Amino acid sequence: MIATILLSVGIVFLAELGDKSQLMALTFALRYRWWVVLGGIATASAAVHLISVGVGYFLGAALPTRAIALVAALTFLAVGLWTLREHFGRADAEAEPKPPRSTTAPFLVVLSAFLLAELGDRTMFATAALATDNSWIGVWIGSTIGMVAADALAIAAGILVGKHLPEHVIGICSGLLFLYFGTASLLAAALPDLGILTGGALATLAPATAGIALLIRSRRGRRNPERIPNDPAPEADRVR
């Protein structure tokens, strides 16, 4: 059991290094409290790996990975657009005091995003393969620990970066990253023969286009500020 757990921890940890889940963890850590992000990741990892060991050990069947990938892609795009809309508002709206954030909504966002992203991912297939020849309980525990440990590194990096950037910049960068994740996942699901490099290059068009549009809108807002109506008081003084 211990050997199986250690083997699963090592394999999943190495598989997650540089994977999109680490980038997602870093992105979420820029916006939400670290313990909320880590809790959502741990819950999603435990659920996904429980499914994967069940598929590999008990059923030996495959999940509809293409349909799941399409749903995940649409989720990422929706989160990206929502984030950009939230953080790229009017300047006077930013000056208003913001209400305290709730932890329930961020937890559900992180949980759903990671749950959809990891279903059908390479880590899930590796976990299912390990469960075919090893104790499914040990594989489940080890794979969950390995993923949480790898994503915890990304969360720590997000905390360090977040201390040196304003919240407005963090929100825009997060939205652009989710647009990239969503476009890349959509291309991978719709065009599986496209290739990783080609798909990654094409996926950058969505955040690049959105970034240019936001930049143009920002410059137009600076050039054409809202005009304040003239105060009639000076005219009254002149009459006197």
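Refer to the structure above for everything that follows.
Rules of the game
- Residues numbered from 1 in each chain as written.
- Predicted model: local features only at pLDDT ≥ 70, side-chain atom pairs only at ≥ 80, totals over all residues.
- Heavy atoms only, no water.
- Helix = DSSP H or I, 4+ residues; strand = E, 2+ residues; numbered from the N terminus.
- Expected span 1.5 Å × (residues − 1).
- Buried < 20%, exposed > 50% of the residue type's maximum accessible area, 1.4 Å probe, protein only.
- Arc of directions from axis to C-beta.
- Phe/Tyr/Trp six-rings, centres within 6.5 Å; stacked < 30°, edge-to-face > 60°.
- Axes fitted to C-alpha atoms, helices over the stretch in contact; angles between N-to-C directions.
- Parallel < 35°, antiparallel > 145°, perpendicular 65-115°, else oblique.
- Left-handed = near helix turned anticlockwise from the far one by under 90°.
- Contact = heavy atoms within 4.5 Å.
- Nonpolar A, V, L, I, M, F, W, Y, C, P; charged D, E, K, R; others polar.

(A) Broad picture of helix 2 (residues 20-31). A rise of 1.5 Å per residue sets the reference length of helix 2, with its 12 residues, at 16 Å; its end C-alpha atoms lie 17 Å apart and thus fit the reference within 8%. Here helix 2 lies mainly inside the structure; nine of its 12 residues are buried. When we look at burial in helix 2, the residues that qualify are Ser21, Gln22, Met24, Ala25, Thr27, Phe28, Ala29, Leu30 and Arg31.

(B) Structural detail: helix 10 (residues 196-203). Within helix 10 the residues assigned to the buried category are Gly199, Gly200 and Ala203. All buried residues of helix 10 lie within an arc of 100° about the axis, which places them on one face of the element.

(C) Molecular detail of the packing of aromatic side chains. Under the counting rule described, the total for this entry stands at two aromatic pairs. Measuring from centroid to centroid gives 6.0 Å for Phe28 and Tyr32, while their planes differ by 20°, and the two rings are stacked. No difference in accessibility class separates Phe28 from Tyr32, as the two residues are buried. Judged by its relative accessible area of 2%, Phe28 falls in the buried class.

(D) The arrangement of the packing of helix 1 (residues 2-16) against helix 7 (residues 122-133) in detail. Running from N to C, helix 1 and helix 7 point in directions that differ by 160°, and their axes come no closer than 10 Å. The angle between the axes of helix 1 and helix 7 places the two elements in the roughly antiparallel class. In this structure, the crossing between helix 1 and helix 7 has a hand that is right-handed. Within the contact between the two elements, helix 1 uses Leu7, Ser8, Ile11, Val12, Ala15 and Glu16 and helix 7 uses Arg122, Thr123, Thr127 and Leu130. Across the contact of helix 1 with helix 7, the residue classes tally to five nonpolar, three polar and two charged.

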